[in-house]
Amino acid sequence: MKSSEVPGVFSNIPVPDYDLTKAVGGPPISKRKVALISTAGLMHRGEPAFSIDSIDYRIIDSKDETELVMSHVSVNFDRTGFALDYNVVFPIDRLREKVAAKEVGELSRYHYSFMGAVSPEKLRPAAAELSKNLLADKVDGVILIPI
Amino acid sequence: MALSLVPQQAKKISPPRVLSLPFVLGRPLGSPEDASFQHRVLDAALGLLTQTDSPIFLEFTEEVPQDTQSSGEWICPISFSKEEAEEEDLPANIKKEMALLRPWFERRKASLGRTSFGIADLNTEDLAPFIHEFFAGVRDSNHDSLRLKLAIDDLNAFYLEAALQRPGATEIGAIEDWYWNETAAGELVRKVAIHCQKSPDPALRQTAKLLMVPQRIIPWD
């Protein structure tokens with residue numbers, strides 16, 4: 001199901017007002033350290049599942065080989081994609097390949113996931129904290145990935 | 001930069017850089033098991049990181065290959081007896097279904113080295129009886145609603161992954177339609193969702209209405 005096929009659903013979801021933020025420049029991608037941030041409710045197996053109204057985020061450690069599982073609370077999106085290939089939701093292997101091909105400078109060790117079925121305003125404190133992690137890790141390229 | 005599957009929301013929020021994608025919800029990189037396609041999406045996304053004339057809203061116009069979307073009519077890898085499906089003992093019927101599906105599930109787990117199953121704190125054989133307790137009125141408290149939600153998700157994952165083991169079974173929606181309309185497991189979860197929407201507990205009512213069964217199966221009011 002594409003969002004365009006259910007327009008009434010998304011037009012009824014309130015969206016906060018945000019100030020426009022200008023894009024900042026930076027080095028070429030081949031020199032950047034890139035991280036992924038998902039809203040798919042991803043976590044390493046064995047961690048507590050996200051709950052309804054979860055406002056925390058989880059660290060996805062690219063060196064942790066514990067498999068990724070999804071505990072997003074919504075049932076209104078296709079789950080077969082993730083079951084077939086986690087990269088269609090979280091393209092970590094694709095990023096590794098781009099680093100190996102020297103198209104991307106470096107893969108951040110740490111990536112992150114929220115559970116996106118929550119009002120964005122409630123996620124603001126955690127997002128602010130997460131941004132400090134990124135700065136501390138000298139990440140200068142982030143891809144925000146919906147589900 | 002932000003990928004977006006909901007362009008009207010992305011335009012309202014207007015972050016500095018957006019790549020708007022034409023894919024189904026749940027597949028932000030478009031085409032599973034298709035590294036080449038995923039790389040093209042990432043190339044478009046990464047390319048925006050060096051652009052500064054914001055706000056930038058770029059539409060990714062390439063659609064996923066058709067053979068990823070549909071492999072023709074999908075046939076369940078096993079047949080469930082219609083007579084058995086009509087019996088009222090849903091947990092017993094689910095036990096039979098899962099026994100038939102297990103070899104497919106295990107084969108898929110072995111070949112991929114991963115599974116989405118196992119986020120609930122219940123063994124496989126305990127999932128259906130636990131879920132059924134909400135329908136039978138044994139449990140009716142929001143205290144257990146998260147466990148119920150996770151059990152439902154695990155039950156779904158077991159069936160889905162077993163069904164995906166059939167070669168070529170990638171048609172979006174076909175497997176989910178089979179699960180919700182042709183299995184005892186789907187029938188039990190639908191019944192539980194409808195029943196729990198009458199719960200005296202408002203939180204459990206909300207969970208039942210929004211988080212157990214897709215809206216296209218049981219429409220929201």
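What counts and what doesn't
- Residues numbered from 1 in each chain as written.
- Chains lettered and ligands numbered in written order.
- Predicted model: local features only at pLDDT ≥ 70, side-chain atom pairs only at ≥ 80, totals over all residues.
- Helix = DSSP H or I, 4+ residues; strand = E, 2+ residues; numbered from the N terminus.
- Rg over C-alpha atoms; globule rule 2.2 N^0.38 Å.
- Buried ≥ 20, exposed ≤ 12 C-beta atoms within 10 Å, placed from the backbone.
- Contact = placed C-beta atoms within 7 Å.
- Nonpolar A, V, L, I, M, F, W, Y, C, P; charged D, E, K, R; others polar.
- Pairing = 2+ DSSP bridges.
- Core = buried A, V, L, I, M, F, W, Y, C linked by C-beta atoms within 7 Å.
- Domains from an automatic or database assignment.
- Expected span 1.5 Å × (residues − 1).
- pLDDT = per-residue confidence, 0-100.

S.K.: Before we move on, can you summarise the overall build of chain A with the specific residues and values?
M.R.: The helix and strand tally for chain A stands at four helices and seven strands. Taken from the N to the C terminus, the helices and strands of chain A come in the order α-β-β-β-β-α-α-β-β-α-β. For 147 residues, the compact-globule estimate of 2.2 N^0.38 gives 15 Å, and the C-alpha radius of gyration of chain A, at 16 Å, lies within 12% of that figure. Its C-alpha atoms put chain A at 40 × 35 × 30 Å along the principal axes. Split into buried and exposed, the 147 residues of chain A put 40% on the buried side. Look at the contacts in chain A between residues 6 or more apart in sequence, and 75% of them connect residues 24 or more apart.

S.K.: Describe unusual backbone geometry, and please don't skip the residues or the numbers.
M.R.: All names here are of chain B. A cis geometry characterises the amide bond from Ser-54 onward to Pro-55, with omega recorded as 0 degrees. Among the structural elements, Pro-55 can be located in the loop between helix H2 (35–48) and strand S3 (56–59). Even without being a glycine, Ser-14 presents a positive backbone phi close to 55 degrees. Looking at where Ser-14 falls in the secondary structure, it is placed in the loop between helix H1 (7–13) and strand S2 (17–20).

S.K.: Give me the lowdown on the interface of chain B and chain A, citing residues and values where you can.
M.R.: One widely used convention gives an interface's size as the accessible area the parts lose upon coming together. If you look at the interface, chain B gives 57 residues, while chain A gives 50 residues. Where the side of chain B that touches chain A is concerned, the elements lending two or more residues are strand S1 (2–4), H1, H2 and helix H7 (145–164) of chain B. Broken down by class, the residue content of the side of chain B that touches chain A amounts to 32 nonpolar, 18 polar and seven charged.

S.K.: Account for the environment of Leu-211 of chain B, with residues named and values stated.
M.R.: Residues and elements named next belong to chain B. Within the secondary structure layout, Leu-211 lies in the segment after helix H10 (202–210). Accessibility expressed as a C-beta count within 10 Å gives 21 for Leu-211, which makes it buried. Distance in space between the C-alpha atoms of Leu-211 and Lys-149 is 7.3 Å, their sequence separation being 62 residues.

S.K.: Explain the pairing of strand S1 (residues 33–38) of chain A to me, using residue names and the numbers behind them.
M.R.: All names here are of chain A. With five of its six residues buried, S1 lies for the most part within the structure. For S1 and strand S5 (residues 106–107), the ladder comprises two bridges, and the chain directions are parallel. Its bridge partner lying in S5, Val-34 is registered against Leu-107. One ladder, built from five bridges, connects S1 with strand S7 (residues 141–145); its direction is parallel. Bridging across to S7, Ser-38 finds its partner in Ile-145. Across two bridges, the pairing between S1 and strand S6 (residues 110–114) is parallel. Residue Ile-37 lies in a different strand from S6, and its bridge partner there is Tyr-112.

S.K.: Summarise the nonpolar core; cite the residues concerned and give the values.
M.R.: All names here are of chain B. Counting 96 residues, the largest nonpolar core has Ile-131, Leu-155 and Val-189 as the members making the most contacts within it. Looking at which domains feed residues into this core, each of domain 1 (2–69) and domain 2 (82–210) supplies at least three. Once you skip the residues sitting within four places of it in the chain, Leu-155 turns out to touch Leu-127, Ala-128, Ile-131, Ala-185 and Val-189.

S.K.: An account of the domain arrangement of chain B is needed here, citing residue identities and associated values.
M.R.: Here chain B is described as being made up of domain 1 (2–69) and domain 2 (82–210). Placing the centre of domain 1 of chain B and that of domain 2 of chain B at their C-alpha centroids yields a distance of 32 Å.

S.K.: Could you give an account of H2 of chain B, naming the residues involved and the relevant values?
M.R.: An ideal rise of 1.5 Å per residue puts 20 Å on 14 residues; H2 of chain B measures up with 20 Å between its terminal C-alpha atoms. For H2 of chain B, the complete set of buried residues consists of Phe-37, Gln-38, Val-41, Leu-42, Ala-45, Leu-46 and Leu-48 of chain B. Residues of H2 of chain B that are buried sit in contact with helix H3 (92–100) and S7 of chain A together with S1, S2 and S3 of chain B.

S.K.: Explain the pairing of S3 of chain B residue by residue, including any values.
M.R.: One face of the sheet, then the other: side chains in a regular strand alternate in exactly this way. Here S2 of chain B runs beside S3 of chain B; their pairing, made up of four bridges, is parallel. Residue pairing in the sheet places Leu-19 of chain B in a bridge with Leu-58 of chain B of S3 of chain B.

S.K.: Just give me the short version of the confidence of the model for chain B, but keep the residues and values in it.
M.R.: Residue and element names in this part refer to chain B. With 86% of its residues at a pLDDT of 70 or more, chain B shows a mean pLDDT of 87. No element of chain B has a lower mean pLDDT than helix H4 (residues 82–86), at 53, and none a higher one than H2, at 98. Under the prediction, the complex receives an ipTM of 0.95, its pTM being 0.91.

S.K.: With reference to specific residues and values, describe the environment of Glu-103 of chain A.
M.R.: Residue and element names in this part refer to chain A. On the secondary structure map, Glu-103 appears in the loop between H3 and S5. Under the C-beta neighbour-count criterion, Glu-103 is labelled partly exposed, with 16 such atoms within 10 Å. As for Glu-103 and Val-139, which are separated by 36 residues in sequence, their C-alpha atoms are 16 Å apart. Beyond its immediate sequence surroundings of up to four residues, Glu-103 is in contact with Ile-29, Ser-30 and Lys-98.

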